[in-house]
Amino acid sequence: SPPLKERCEDIPWLAEHFSKNHTESIDKSLRAILAGALELLMGHDGASHVDELENAIEHAALLEKTDVLQGHKLPSQIELVVPSRSDSTAHSAPA
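Residues numbered from 1 in each chain as written. Predicted model: local features only at pLDDT ≥ 70, side-chain atom pairs only at ≥ 80, totals over all residues. Heavy atoms only, no water.

Caption draft 1: Region of interest: the overall build of the protein chain. Assigned secondary structure in the protein chain consists of four helices and three strands. Its helices and strands in sequence order give the protein chain the pattern α-β-α-α-β-α-β, from N to C terminus. Each of the 95 residues in the protein chain was classed as buried or not, and the buried ones make up 42%. Across the protein chain, contacts joining residues at least 24 apart in sequence account for 75% of those joining residues at least 6 apart. (Helix = DSSP H or I, 4+ residues; strand = E, 2+ residues; numbered from the N terminus. Buried < 20%, exposed > 50% of the residue type's maximum accessible area, 1.4 Å probe, protein only. Contact = heavy atoms within 4.5 Å.)

Caption draft 2: Main features of unusual backbone geometry. Even without glycine at this site, aspartate 27 takes up a positive phi of about 55°. Relative to the helices and strands, aspartate 27 is located in the loop between α1 (11-25) and β1 (32-34). The class of aspartate 27 is exposed, set by a relative accessible area of 75%.

Caption draft 3: Just helix α3 (residues 50-63), in detail. Taking 1.5 Å per residue as the helical rise, α3 with its 14 residues ought to reach 20 Å, and the 20 Å between its terminal C-alpha atoms agrees with that figure. For α3, the set of buried residues is Leu53, Ala56, Ile57, Ala60 and Ala61. For α3, the buried positions fall inside an angular range of 130° around the axis, keeping them on one side. (Expected span 1.5 Å × (residues − 1). Arc of directions from axis to C-beta.)

Caption draft 4: The arrangement of the nonpolar core in detail. Counting residues in each nonpolar core, the largest one holds 19 residues, and the members touching the most others are Leu41, Leu53, Leu69 and Leu74. Breaking this core down by element, the ones donating at least two residues are α1, α2 (35-43) and α3. Here the element with the most residues in this core is α3; it accounts for five residues. Once residues within four sequence positions are removed from consideration, leucine 53 is found in contact with Leu4, Ile11, Leu14, Ala15, Phe18 and Leu41. (Core = buried A, V, L, I, M, F, W, Y, C linked by side-chain atoms within 4.5 Å.)

Structure representation (structure tokens):
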């Protein structure tokens, strides 16, 4: 399968899927992923494989204290590559 950077449109769906799976396993509820977090993931060359994306989401879900996954909770290597953008718009996680 092609790298994720060639399928950027799949990243929001995959991020929501991984968020839901990981938060259920740690008994936490995330209702949304902020648009800024998705932009960081979509613009980061390091998240070129599905397992790297999954690890980044798992990392952020463990650190997140609210019910909305925010960009600054992603691993630092993702934040350093892409300049921070507005986190004002949330992307709802599936129920």
